[in-house]
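Per-entry structural report
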Amino acid sequence: MKSSKIITIGIKELAHQKVILAAWYNFLKENFDAKKVSAEEFTLYLQAHVMYDLDKDQIELMLSGTEPLLEDFKKSIFG
């Protein structure tokens with residue numbers, strides 16, 4: 001398995017968390033179907049950690065994956 005990295009995405013609204021997690025799942029599913037992500041990686045990368053940043057008063061989603069995979073995901077949701 002390739003080396004994993006982590007990105008954090010800060011969100012203020014709970015509804016945004018749902019949208020980002022749904023987008024992450026769909027993104028991983030598309031990459032799994034295209035054979036770019038193995039079944040083991042798919043399962044591992046679905047595990048998103050969530051923490052609350054008191055200083056910023058926001059939720060931080062922590063998503064893991066390979067660097068190219070995470071870069072592609074950021075491009076797909078942030079443009």
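Quick look at the structure, then. Fair warning: this is a prediction, and the values are worked out from it, not measured in the lab.

Applying the stated rule across the entire model yields two salt bridges. For K29, the salt bridge goes to D33, with nearest N and O atoms at 3.3 Å. You can see K29 and its partner D33 sitting in helix α1 (residues 14-33), four residues apart, about one turn around the helix. We classify D33 as partly exposed; its relative accessible area is 48%. Two residues, E71 and K74, come together in a salt bridge whose shortest N-O distance is 3.4 Å. Pair noted here: E71 and K74 are both in helix α3 (residues 67-78), with a separation of three residues, about one helical turn.

Across its 20 residues, α1 extends 29 Å between first and last C-alpha, which sits within 8% of the 28 Å expected from 1.5 Å per residue. Taken together, the buried residues of α1 touch β1 (5-11), α2 (39-45), β2 (49-53), β3 (58-65) and α3. Positioned one or two residues after α1, K35 has a phi angle of 65 degrees, which is positive.

Quick notes on the rules
Residues numbered from 1 in each chain as written. Predicted model: local features only at pLDDT ≥ 70, side-chain atom pairs only at ≥ 80, totals over all residues. Heavy atoms only, no water. Salt bridge = Lys/Arg side-chain N within 4 Å of Asp/Glu carboxyl O. Helix = DSSP H or I, 4+ residues; strand = E, 2+ residues; numbered from the N terminus. Buried < 20%, exposed > 50% of the residue type's maximum accessible area, 1.4 Å probe, protein only. Expected span 1.5 Å × (residues − 1). Contact = heavy atoms within 4.5 Å.

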